[in-house]
Amino acid sequence: EAGVTQFPSHSVIEKGQTVTLRCDPISGHDNLYWYRRVMGKEIKFLLHFVKESKQDESGMPNNRFLAERTGGTYSTLKVQPAELEDSGVYFCASSQGGGRTYTEAFFGQGTRLTVV
Amino acid sequence: DQQVKQNSPSLSVQEGRISILNCDYTNSMFDYFLWYKKYPAEGPTFLISISSIKDKNEDGRFTVFLNKSAKHLSLHIVPSQPGDSAVYFCAASPRRGTGTYKYIFGTGTRLKVLA
């Protein structure tokens with residue numbers, strides 16, 4: 001079974017440009033999350049999709065970040081325009097439906113974004 | 001404000017000995033806790049979890065202990081192996097029924113197991 005896949009693995013862009021990150025979750029996982037780790041600090045929550053709906057976007061830094069999950073399958077995270085402080089590793093994770101029990105989230109390998 | 005804290009940024013342990021990684025949290029709404037292991041240039045990999053109705057969960061060489069009154073959890077690795085060398089993240093999730101299962105992570109502890 002394929003795991004969570006993220007594209008690209010690395011991206012270097014100039015300040016002011018636009019970048020779109022993509023995440024393909026594990027097939028059948030309703031929950032999809034975006035996280036970010038900046039400068040070796042903690043992994044910070046950005047947002048949570050349940051199928052195609054945004055369940056929680058409390059961690060999104062500002063309106064330069066736009067996440068979508070078309071048809072409840074893959075997800076994209078667009079940063080426009082990118083700023084220097086957006087540099088970091090962006091992780092996507094997915095998990096099965098919550099129901100009455102918790103299940104662990106499976107993470108992708110991350111996209112390392114460098115804004116210069 | 002850091003809701004999940006891992007106060008030891010690094011830990012070195014001799015192969016075969018016990019590794020103990022600690023984690024403290026402040027939010028009493030957390031009721032599910034996890035440990036993830038991360039190798040360089042890879043995503044975090046789930047290791048073990050515990051819900052707030054338990055105080056211990058074991059999986060092979062890995063045991064997680066939860067002390068709710070102290071808002072403290074720990075991960076024990078026995079015996080430690082060189083392949084366990086990685087960054088370990090503690091994570092917590094809020095009470096079910098809130099509609100979100102987001103994790104709040106600590107800053108990680110880098111474990112080095114010496115051969």
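These numbers come from a predicted model, not from an experiment. (Residues numbered from 1 in each chain as written. Chains lettered and ligands numbered in written order. Predicted model: local features only at pLDDT ≥ 70, side-chain atom pairs only at ≥ 80, totals over all residues. Heavy atoms only, no water.)

Engineer: Would you explain the pattern of salt bridges in this entry?
Structural biologist: A side chain with one charge may pair with a side chain of the opposite charge, provided their charged atoms come close. All names here are of chain A. What the rule picks out here adds up to eight salt bridges over all chains. Its salt-bridge partner being Asp24, residue Arg22 comes within 2.7 Å of it at the nearest N-O pair. On the basis of relative accessible area, Asp24 is assigned to the partly exposed category, the value being 21%. Several salt bridges converge on common partners, so that one network encompasses Arg64, Glu85 and Asp86. (Salt bridge = Lys/Arg side-chain N within 4 Å of Asp/Glu carboxyl O. Buried < 20%, exposed > 50% of the residue type's maximum accessible area, 1.4 Å probe, protein only.)

Engineer: So what exactly am I meant to see when it comes to the sheet that holds strand β8 (residues 75–79) of chain A here?
Structural biologist: Residues and elements named next belong to chain A. Spatially, four strands are ordered β1-β3-β8-β7 in an open sheet, and the strand pairing comes out antiparallel. Looking at the sheet topology across the chains shown, the edges are occupied by β1 (5–7) and β7 (65–68). Across this sheet, the average inter-strand angle for adjacent strands is 15°, counted without regard to direction. One ladder, built from five bridges, connects strand β3 (residues 19–24) with β8; its direction is antiparallel. Its bridge partner being in β8, Arg22 is matched across the sheet by Thr76. (Pairing = 2+ DSSP bridges. Helix = DSSP H or I, 4+ residues; strand = E, 2+ residues; numbered from the N terminus. Axes fitted to C-alpha atoms, helices over the stretch in contact; angles between N-to-C directions.)

Bear in mind that shape data such as this cannot, by itself, settle questions of function.
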